[in-house]
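# Coordinates in review
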Amino acid sequence: MKAEIIENVSGKRIAEMSIDRIADQKPVLKFSDEDKTTECPESGHESCLKFALPLLIAKLGGDTISGIGHRVVHGGSKFAQPTLIDAEVEAAIEKLIALAPLHNPANLKGIRIAREIFPALAQVAIFDTSFHQTLPTRAHTYALPKALREKHGIRRFGFHGSSHQYVANMAAKAMNSELKDLRIISCHLGNGASVCAIEYGRSVETSMGLTPLEGLVMGTRGGDIDPGILLHIAREEGMSIDDLDKLLNKESGLKGLSGHSNDMRDIIDKAANGNEDCRLALLVFAHRLRKYIGAYAAVMGGADAIVFTGGIGENSNVVRQRVTQRMEYMGVLTDEDLNNDIRLSEENPFAFFNASNSRVKLLAIKTDEEKAIAAETARIINEGNKVNTVPVIPIAISARHLHLTQESVEMLFGTGYKLSEKAPLSQPGQFAANETVTVVGPKNSIERVRILGPCRELNQLEISRTDEFFIGIDAPVRASGKVENTPGIKILGPNGELTLKEGVICAWRHIHMTPDDADVFGVEEGDIVEVEVKNGARPLTFGNVLIRVSPKFKLEMHIDTDEANAAELSQNAEGALLHTEGTATLLKKNLKH
Ligand code: ADP
């Protein structure tokens with residue numbers, strides 16, 4: 001089990017963990033930045049992940065993550081794209097367990113545990129199969145009876161999709177070309193191995209099928225065999241379905257051929273030392289892949305690049321050389337020195353090894369499924385956070401002002417006193433009163449602070465940071481009405497004074513809108529958005545802007561005088577809520593924390 005925290009924009013890996021021997025009593029957890037390993041207290045995916053995830057997150061030192069991407073092996077015919085996980089998607093992944101009994105249940109556990117730990121975060125499923133949903137019918141159809149195919153959903157799905165897609169994109173970049181102009185044969189050679197024909201950006205053929213058993217020779221899977229062999233050995237050996245499953249998944253491939261190891265490094269070493277079985281394993285491995293490359297060149301009518309990736313493709317010059325030799329017929333000429341010198345790393349993720357006069361480019365590319373997953377997850381989250389950027393939103397500046405209860409008004413202005421309207425405010429029913437008061441802080445006082453009417457249930461003084469420094473008070477940024485645990489203040493009126501126990505806030509910049517406006521923008525009450533404020537001279541992007549929705553509101557963004565000054569929005573010193581020439585545009589919605 002692997003998990004990483006990746007900063008999507010820079011591609012930087014912040015933290016990386018892996019857990020081995022999950023089924024053992026004491027599974028082993030390792031962080032890449034630590035030499036030591038840690039024992040997980042209990043075996044099993046669930047307890048390991050619950051133990052390890054908080055430790056991984058702690059590596060952020062208090063920073064937060066924006067979403068979680070899950071590699072899900074089988075997405076069947078349903079998922080042609082990475083998908084935001086909801087109850088319906090989860091149920092669909094569960095249904096596909098029949099096609100990926102080893103993988104999908106574990107993937108589901110990961111999703112459920114991550115949601116338990118981070119209930120508010122977006123979770124995205126990235127399917128190994130989805131890149132291959134573009135396979136034409138002729139390529140994904142097996143020549144089996146239609147009724148049986150339809151009943152059981154039998155067709156070629158293909159796997160390793162994110163890796164094939166990732167390296168194809170990198171190949172296009174390395175070649176200074178666009179993916180849509182290239183025909184690429186991508187060979188992912190790891191413990192599992194598959195090859196994919198990518199024609200102008202779309203997967204049109206791939207060697208794995210309904211399950212990851214078909215195609216190339218792999219570590220412990222044999223890939224293509226005559227299906228008649230299964231019938232034969234089942235009969236002759238009296239093997240059960242489970243026996244055959246084990247034979248095909250665990251005992252074949254390099255391991256079965258060599259009788260020694262499923263690890264290509266061992267095979268190459270032993271072959272070099274004269275071990276005949278290992279020599280044969282290497283020959284069969286390379287031959288099978290050569291056959292597929294020829295076939296896929298035939299499918300696409302040629303190729304512009306052949307890419308090698310995965311542990312073997314990235315690291316083994318021997319395998320790359322065996323596979324690409326004698327391919328002059330299709331325009332492939334290798335440069336053996338280049339091939340032998342390839343050392344891929346995070347800093348040097350690709351290298352060419354074709355001769356300069358080769359029509360087809362040959363590349364080794366370091367695949368990075370985690371980065372591909374992070375990038376797709378970020379894309380899906382950003383799409384979900386998109387808001388409508390029109391219409392533009394008028395901005396009003398909220399100068400320091402005071403909301404009072406009727407009781408407070410009477411204490412300051414006299415019994416039975418009623419506020420009188422000086423000017424209406426843009427929010428319906430609200431007005432700037434003729435009445436002003438003096439606010440007395442520990443350091444200084446401010447005179448002529450405008451009262452806004454009508455009276456409210458709570459007393460609340462809204463001032464800017466600059467005002468706070470001036471009067472000597474440290475007030476928190478709050479949404480209107482949230483005055484618990486805020487500082488109090490002394491207020492002088494013409495006929496009395498009043499000491500508020502609490503109620504001084506620095507107003508949280510916000511946008512008022514009606515439910516209809518909210519629909520248009522694609523936001524709702526309580527959402528946090530980013531807003532670009534434009535007024536010519538100093539445009540500014542404000543983060544952490546609160547959306548307030550009520551049928552009583554009128555579309556308008558409210559910022560305080562400090563914020564207005566920073567954006568050079570003009571104001572007149574007198575009023576309480578002043579219209580400006582400036583306008584705001586919603587940029588995006590941020591995830592609720
Ligand atoms: P997985 O499919 O499990 O992600 P990898 O992509 O890490 O696996 O590939 C593992 C395979 O890569 C193993 O067979 C390993 O022997 C092989 N490999 C790694 N380094 C080399 C190397 N230098 N030469 C040959 N094979 C290598």
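Below is a summary of the structure that appears in this document. (Residues numbered from 1 in each chain as written. Predicted model: local features only at pLDDT ≥ 70, side-chain atom pairs only at ≥ 80, totals over all residues. Heavy atoms only, no water.)

## Some details on the sheet that holds strand β5 (residues 67–72)
Spatial ordering of the open sheet is given by β5-β7-β6, a layout of 3 strands whose pairing is mixed. Both edges of this open sheet fall to β5 and β6 (83–84), since each of them pairs with a single strand only. Pairing of β5 with strand β7 (residues 122–127) involves 6 bridges; the strand directions are parallel. Bridging from a neighbouring strand, R71 pairs with I126 of β7. Lying over the sheet, helix α3 (residues 104–117) contacts β5 and β7, oriented at roughly 170 degrees with respect to β5. (Pairing = 2+ DSSP bridges. Helix = DSSP H or I, 4+ residues; strand = E, 2+ residues; numbered from the N terminus. Contact = heavy atoms within 4.5 Å. Axes fitted to C-alpha atoms, helices over the stretch in contact; angles between N-to-C directions.)

## A few points about the site of the ligand
Taken together, G190, N191, G192, N262, D263, M264, R265, G310, G311, I312, N315 and S316 form the complete shell of residues around the ligand. M264 places a main-chain nitrogen or oxygen 3.0 Å from an oxygen atom of the ligand. Coverage of the ligand by the protein amounts to 70% of the 590 Å² it exposes when considered alone. With 4 residues, helix α12 (residues 310–315) is the largest single contributor of residues to the shell around the ligand. Of the residues belonging to the shell around the ligand, the class tally is 2 nonpolar, 8 polar and 2 charged. (Near = heavy atom within 4 Å. Polar contact = N/O pair within 3.5 Å; in protein donor to acceptor, adjacent residues only side chain to side chain. Areas by Shrake-Rupley, 256 points an atom, 1.4 Å probe, with all protein chains shown as cover. Nonpolar A, V, L, I, M, F, W, Y, C, P; charged D, E, K, R; others polar.)

## A word on the packing of helix α10 (residues 264–272) against helix α11 (residues 276–300)
Relative to each other, α10 and α11 sit at 120 degrees, their axes nearing to 8 Å. Between α10 and α11, the crossing angle belongs to the class labelled oblique. Seen from above, α10 lies across α11 with left-handed handedness. Only C278, R279, A281, L282 and F285 of α11 make contact with α10, whose side of the interface consists of M264, I267, I268, K270 and A271. Of the residues contributing to the contact of α10 with α11, the split by class is 8 nonpolar, no polar and 2 charged. (Parallel < 35°, antiparallel > 145°, perpendicular 65-115°, else oblique. Left-handed = near helix turned anticlockwise from the far one by under 90°.)

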